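The lines below spell out each chain.
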Amino acid sequence: MRCRFCNSKAVIKIRAYNTAFCSDHFLSFVERRAKETIRTFALLKEGESVLVAVSGGKDSLSLWHILKNLGYKSDGLYIHLGIDRYSDISLEKAVNFAKKIGGKLFVVRLKEIFEKGIRELSHTMRRKSCSACGTIKRYIMNRVALEEKYDSLATGHNLDDEASSLLGNLLYWKEPYLWKKNIALEAEKDRLSRKIKPFFLLSEREIAAYALLNGIDYVQDECPYSVGAKTLLYKEILNRIENESPGTKLNFVKGYLKRVEKETEDCKEKPSNYCRLCNYPSVGEKCAFCSLLQKINPDGVFKYEKLDFSL
Ligand code: Q46
Ligand code: ZN
Ligand code: ZN
C-alpha cells in the first residue's frame, strides 16, 4: 500500500475515497478536508473567533488543533459533569492541551453551580443521563459563547456521530429533531450563539488517526453513561454497512446536507418564548436549566473559571 501523493509506504487506507496516505500526507488531507468544509459551508470567515467545546476526547481536541493551525482565534470550553474519575481525567487532558497550544480554556463545573453531578441532576429531571446532559451542555455552551462574545461555537461532531443520529431520528421519525442537525445553526442576537460542526464530513477513524499521528493526548475511556446508548448500536450497524459498501456514510450525510436547507425553510421553528430568568430561548416560561437550578440549589449562580495559557 503506497501513499497516493509521494508513493512512500502508506500508514492509512481510506476506503471511502479508495486511497491511501503516508503520515504527512494524511495529516494534510484531514486539514484540507476541514478547511474545505469551512469554506464550502461558510462556517467561519477570516478573523472570526470561535469557542471550541472540548471534552478531552480526540474529536474536540483535534478540532481545536486544526482551527488554531488554520489561523482562527480559537479557545476552549470544558464542562466538568461531575462524573468522578472520568471527568477529572478529561479535564486534565483538556488543560494540558490548552497549555500545549497556548489557548484560553473556560471551565464550568456542574457541582459548583448545582452542588450535584450529572447523574443526580438527571434523576431530578426524570430523564436519562445523556438526555439531561445534552440539555445542560447546550445551555452552558450557548451562554459562555455569548457572554464571552465569540462569533461561533464549534463542536467536534464527526461523520459517524451525524450518520448515527440521523439514522436514529429516521428510524423513529423524530421529525422535530430531524432537520435540526445542520452543519451550521444560525445565531439569534444576544440569545443564541452560531453553532458550527467543521468535522461533519470527517469520519471517527480519520480523526482518531489524525490525533494519534499528531501526538494529541486525549482521554481514551468512553463516558461511563454511554454504555448501552443506542447511538453506539447505530454506529456499529453503519460501520458494518460501510465495510460492505465504502462511502455509504458519507453519501448518507451529504444527502442530508442537500435537503436540510430546503426543509428548514419550510418548517422554521422558533422557540415560543424566552426564559424569564436568564432571557435565553426556552420552550416554557422558564428554561430547563433555570428550573433545575431553582429546584436544586436556589442560591446557586452560573459561573465559570477562565484559564489563560495564551503565549
Ligand atoms: S457525556 Fe453526557 Fe455524553 Fe456522558 S452523559 Fe451521555 S451525553 S455519554 S457526549
Ligand atoms: Zn505521502
Ligand atoms: Zn433560563
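For the structure itself, look to the data block above.
Residues numbered from 1 in each chain as written. Chains lettered and ligands numbered in written order. Predicted model: local features only at pLDDT ≥ 70, side-chain atom pairs only at ≥ 80, totals over all residues. Heavy atoms only, no water.

Undergrad: I tried to follow the layout of surface pockets on my own but got confused; where do I start?
TA: If you add up the space inside the second largest pocket, you get close to 420 Å³. In this structure, the second largest pocket is lined by 19 residues; those nearest its centre are Ser203, Arg205, Asn239, Glu242 and Lys249. Listed by contribution, the elements that provide at least two residues to the lining of the second largest pocket are α7 (159-171), α9 (204-213), α10 (230-244) and α11 (248-266). The greatest single-element share of the lining of the second largest pocket, amounting to five residues, is contributed by α10. Split by residue class, the lining of the second largest pocket holds seven nonpolar, three polar and nine charged. (1 Å grid on protein atoms, 1.4 Å probe; cavity = no way out; pocket = protein on both sides within 12 Å on 5 of 7 lines; lining within 4 Å. Points joined across faces, edges and corners; volume = space filled by probe spheres on them. Helix = DSSP H or I, 4+ residues; strand = E, 2+ residues; numbered from the N terminus. Nonpolar A, V, L, I, M, F, W, Y, C, P; charged D, E, K, R; others polar.)

Undergrad: Would you mind going over the coordination of the zinc ion (ligand 3) with me for this structure?
TA: Six octahedrally arranged donors around a metal ideally form angles of 90 or 180 degrees; four tetrahedrally arranged donors ideally form angles of 109.5 degrees. At the metal site, the zinc ion (ligand 3) is ligated by Cys275 (SG), Cys278 (SG), Cys287 (SG) and Cys290 (SG), and these contacts range over 2.3 Å. In this structure, the zinc ion (ligand 3) is coordinated by four donor atoms arranged in tetrahedral fashion, with angles at the metal of 104 to 115°. Considered as a linear motif, the donors of the zinc ion (ligand 3) on their single chain read C-x2-C-x8-C-x2-C. Here the residue Cys275 occupies a position in the loop between β9 (273-274) and β10 (281-282), and Cys287 occupies one in the loop between β10 and α12 (288-296), the gap between them amounting to twelve residues. (Donors = N, O, S within 2.8 Å, 3.2 Å for Na, K, Ca; no water. Tetrahedral: all angles 85-135°; square planar, octahedral: opposite > 155°, others 65-115°.)

Undergrad: It is not clear to me how the pattern of salt bridges should be interpreted in this structure. Could you clarify?
TA: Where charged atoms from two side chains of opposite charge approach closely, those side chains can pair. Taken as a whole and assessed by the stated rule, the structure comprises 15 salt bridges. Close ionic contact of Lys249 with Asp160 constitutes a salt bridge, the shortest N to O distance being 2.6 Å. Of this pair, Lys249 sits in helix α11 while Asp160 sits in helix α7, placing them 89 residues apart in sequence. By the burial criterion, Lys249 is buried, and Asp160 matches it. One network of salt bridges, with partners in common, ties together Lys58, Asp59, Asp161, Glu204 and Lys235. (Salt bridge = Lys/Arg side-chain N within 4 Å of Asp/Glu carboxyl O. Buried < 20%, exposed > 50% of the residue type's maximum accessible area, 1.4 Å probe, protein only.)

Undergrad: Sorry, what's going on with α7 here?
TA: One full turn of an α-helix is made of 3.6 residues, so residues set three or four places apart face in the same direction. Over its 13 residues, α7 runs 18 Å from end to end, which matches the ideal 18 Å to within 8%, given 1.5 Å per residue. Extensive coverage of α7 is indicated by the burial of eleven of its 13 residues. Every buried residue of α7 is listed here: Leu159, Asp160, Asp161, Glu162, Ala163, Ser164, Ser165, Leu166, Leu167, Gly168 and Asn169. Count one or two residues on from α7 and you reach Trp173, which has phi positive near 45°. (Expected span 1.5 Å × (residues − 1).)

Undergrad: Help me understand the site of ligand 1, please; the structure alone is not making it clear to me.
TA: Taken together, Leu81, Cys130, Cys133, Lys137, Cys223, Tyr225 and Ser226 are the residues near ligand 1. In terms of residue class, the shell around ligand 1 is made up of five nonpolar, one polar and one charged. (Near = heavy atom within 4 Å.)

Undergrad: What exactly am I supposed to notice about the environment of Val52 here?
TA: With respect to the secondary-structure elements, Val52 resides in strand β3 (residues 49-54). On the accessibility criterion, Val52 (0% relative accessible area) is buried. A C-alpha to C-alpha distance of 23 Å links Val52 and Phe26, two positions 26 residues apart in sequence. In this view, Val52 contacts Ser60, Leu63, Trp64, Leu67, Ser74, Asp75, Gly76, Leu77 and Ala154; residues no more than four positions away in its chain are not counted. (Contact = heavy atoms within 4.5 Å.)

Undergrad: Looking at this model, I keep getting lost on the packing of aromatic side chains. Mind explaining?
TA: Where two aromatic rings form a pair, the distance of their centres and the angle of their planes describe that pair. A complete count under the given rule lists 15 aromatic pairs for this structure. Sitting above the plane of the Tyr274 ring, Arg191 keeps its charged end 3.6 Å from the centroid. (Phe/Tyr/Trp six-rings, centres within 6.5 Å; stacked < 30°, edge-to-face > 60°. Lys NZ or Arg CZ within 6 Å of the ring centre and 35° of its normal.)

Undergrad: I'm lost on the coordination of the zinc ion (ligand 2) in this one. Help?
TA: Summarising the metal site, the zinc ion (ligand 2) is bound by the protein donors Cys3 (SG), Cys6 (SG), Cys22 (SG) and His25 (ND1), whose distances to it range over 2.1 to 2.4 Å. For the zinc ion (ligand 2), the four donor atoms are set out with angles of 102 to 113° between them, so the coordination reads as tetrahedral. When the donors of the zinc ion (ligand 2) are listed by position in the chain, the intervening gaps give C-x2-C-x15-C-x2-H. Look at Cys22 and you get buried, because its relative accessible area is 9%.

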